[in-house]
Amino acid sequence: MSKPKDNPMDNILSLAKRRGFVFPGSEIYGGLANSWDYGPVGSLLKKNIKDLWWKMFVESREDVVGIDASLLMNTKVWEASGHLKEFSDPLVECKKCHGRFREDNLEGDKCPSCGEKESFTEAKQFNLMLKTFLGPAEEEANQVYFRPETAQAMFVDFKNVLQTTRVKVPFGIAQMGKAFRNEITPGNFIFRTREFEQMEIEYFVKEKEWAEHFEHWRQAMWQWMEAVGIDEKMVHELEIPDGERAHYSKRTIDFEFDYPFGRKELYGLAYRTDFDLKNHEKGSGQNLKYRDPETNEEFLPHVIEPTWGVDRTILAVLVSAYTEDGDRVFLKLPPRIAPYKAMISPLLANKPELVKMAKEIFDDLKTEFSLAWDDRGNIGKRYYAQDEIGTPYCITVDFDSLENKEVTIRDRDTGTQSRVPINELRTFLRTGVWGEAHSQK
Ligand code: GAP
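Throughout this document, residue positions are counted from 1 along each chain, in the order its sequence is written. Local features in this predicted model are restricted to residues of pLDDT 70 or higher, and side-chain atom pairs are both shown and tallied only at a pLDDT of 80 or more, whereas totals for entire chains, interfaces and linings draw on every residue. Excluded from the side-chain calculations are hydrogens and water; all other atoms, namely the structure's heavy atoms, are used.

J.: What exactly am I supposed to notice about the site of the ligand here?
T.: Contacts to the ligand come from 20 residues, most closely from Glu 149, Arg 181, Glu 200, Glu 265 and Leu 266. Within 3.5 Å is the distance limit for a polar contact, defined as a pair of N or O atoms, with the added protein rule that one can donate a hydrogen and the other accept it, and that residues adjacent in sequence qualify only through two side-chain atoms. Contacts to the ligand include Gln 198, whose side-chain N or O atom sits 3.0 Å from an oxygen atom. Note that a nitrogen atom of the ligand is positioned 3.5 Å from one of the side-chain N or O atoms of Arg 272. Expressed as a share of its isolated accessible area of 550 Å², the protein-covered part of the ligand is 92%. Elements with a contribution of two residues or more to the shell around the ligand: β11 (195–205), β14 (262–273) and β17 (302–309). Helix and strand definitions follow DSSP, with helices as H or I runs of at least four residues and strands as E runs of at least two, each counted in order from the N terminus. Ranked by the residues each element gives to the shell around the ligand, the list is headed by β14, at five residues. Note on residue categories: nonpolar means Ala, Val, Leu, Ile, Met, Phe, Trp, Tyr, Cys or Pro, charged means Asp, Glu, Lys or Arg, and polar means any other residue, Gly included. Of the residues contributing to the shell around the ligand, the split by class is six nonpolar, five polar and nine charged. The near set for a molecule or strand comprises every residue that places at least one heavy atom within 4 Å of it. Per-residue and other accessible areas follow the Shrake-Rupley method at a 1.4 Å probe size, with only the shown protein chains counted as cover for residues.

See the structure below:
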């Protein structure tokens, strides 16, 4: 058993690696700086978080539709959106060690790399767009950019969505997927990377109604944090003052989280006005106005944008869920996002009748629930391993089960054990994982 260490970030990093949540990218080749791969358990957690988001904000609402757009878009998109001109951070270089840093992230006048004082060059603006080439010739005409946010496709596809669905203002277009930024100083594990994932909604409203929709989404973001198990006491709203907001925003609230390395941005909520649609109208020469079906009036809707980083969600969820109870370490994940909903195991692996019964239960339930199977070592070790990946229930088949058709269920958070008839397991899991409403399914 590995003892918890004192530094909470070390605990998360070591758990992430040990249990298969997150591995360093390209590790057998010495890695690739600040790239991370989600392992078997991490990819399940990520999928469950994204599924929950899609269910909560797209499938459960009549006013939001989803899209899934290309990562590479026409360069004119980035001219119109302002990213080619404005999407930059102030870069300084240390004259002694030539380390490069974001000026606004520096604390004091000492180089964070070599310690030299007052050694920085004048700041220059460094554009964060990540370039590549399409086709065999690496010439300027073939140069394109990976999207730095998923948002732009919602504006570029706005007309297509209007023409193919029955949405009416106010309505939203949602998307989740990869975004890329050539960050000057990535770091802090999956907090800031050059390749990451976002979940975003562009919510189109009448200009005069923007404030009430802003408030609606602010509440919705808090509801999300509760649903996904982010400790609300560790989240703080920050109103971004004039002059510090992104180039498109008239009002922004950042939701900051108390990460082990300090209080930093988790999510954002912005009022983007009609900045994007207006500029894409200009850039494309197309009419992107919305026609109100009741008044026949044509106008460019204004936009409220709630935005969530997937990787930062995972980090905040892991930090919130990490619990130590004496020697026991467990992840108190909400069951609906836990990688596995239950572990099924025979008490002893060398007793065929126990294995057979446990396997039958596993095969029966696996069609509905993501399950772990474990028959190694002693039962205590199996519990310990499942605790660390946040499995809410461990179901064990023992000799009594053969007689009375009941199994032992051990609860992750309390460690208590109870006996449940095998034919009630499905209902038990439905209730425990999805809540009361699903127990009658
Ligand atoms: N469309 C608006 C937009 O992209 P942003 O604040 O630049 O706004 C939104 O990014 C979210 O994406 C952030 O709140 C954060 O969760 C995530 N994010 C941004 N840059 C990131 C990076 N380099 N690594 C990981 N996540 C990042």
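Still more ground to cover, so stick around.
J.: Before we go on, may I ask you to explain the environment of Ile 67 in this structure?
T.: Along the polypeptide, Ile 67 turns up in the loop between β3 (64–66) and β4 (72–73). Summary of the burial criterion: residues with accessible area below 20% of their type's maximum are buried, those above 50% are exposed, and those between are partly exposed, where the area comes from a 1.4 Å probe applied to protein chains only. Exposure remark for Ile 67: the relative accessible area of 16% places this residue in the buried category. Sequence separation of Ile 67 and Gln 175 is 108 residues, and the distance between their C-alpha atoms is 5.4 Å. Two residues qualify as a contact provided that any one of their heavy atoms is within 4.5 Å of a heavy atom in the partner residue. Filtering out sequence-adjacent residues up to four positions away, Ile 67 remains in contact with Trp 54, Ala 153, Met 154, Asp 157, Val 161, Ile 173, Ala 174 and Gln 175.

J.: Whenever I open this one, the side chain of Asp 89 confuses me. Can you help?
T.: Residue position: Asp 89 is located in strand β5 (residues 88–93). Within the local environment of Asp 89, its side chain forms a polar contact with the side chain of Arg 102, the two groups lying 3.3 Å apart. With residues up to four places along the chain from it excluded, the contact list for Asp 89 reads Arg 102, Lys 124, Gln 125, Phe 126, Leu 128, Glu 183 and Ile 184.

J.: In this structure, what is going on with the sheet that holds β4? I would like to understand it.
T.: Hydrogen bonding along the main chain pairs the strands of a sheet, whether they run parallel or antiparallel. Strand pairing is defined by DSSP finding a minimum of two bridges between the two strands. With respect to topology, three strands assemble into an open sheet ordered β4-β9-β8, the strand pairing being antiparallel. The open sheet has two edge strands with one neighbour each: β4 and β8 (131–133). Judged from the two bridges that link them, β4 and strand β9 (residues 143–146) form a sheet pairing that is antiparallel. Across the sheet, Leu 72 pairs through a bridge with Phe 146, a residue of β9.

J.: Looking at this structure, how should I read the pattern of salt bridges?
T.: Two side chains carrying opposite charge are able to pair once their charged atoms lie near each other. Throughout this description, the term salt bridge denotes a Lys or Arg side-chain nitrogen within 4 Å of a carboxyl oxygen of Asp or Glu. The tally for this structure, following the rule as stated, stands at 38 salt bridges. Ionic pairing is found between Arg 419 and Asp 398, a salt bridge with its closest N-O pair at 2.9 Å. Here the residue Arg 419 occupies a position in strand β24 (residues 417–421), and Asp 398 occupies one in the loop between β22 (393–397) and α12 (399–404), the gap between them amounting to 21 residues. In this structure Arg 419 comes out as partly exposed when scored by relative accessible area, which is 32%. Glu 406 is the partner of Arg 419 in a salt bridge, and the nearest nitrogen-oxygen pair spans 3.9 Å. Of the two residues, Arg 419 is situated in strand β24 and Glu 406 in strand β23 (residues 406–411); the sequence distance between them amounts to 13 residues. The network of salt bridges with shared partners includes Glu 149, Arg 272, Asp 276 and Glu 305.

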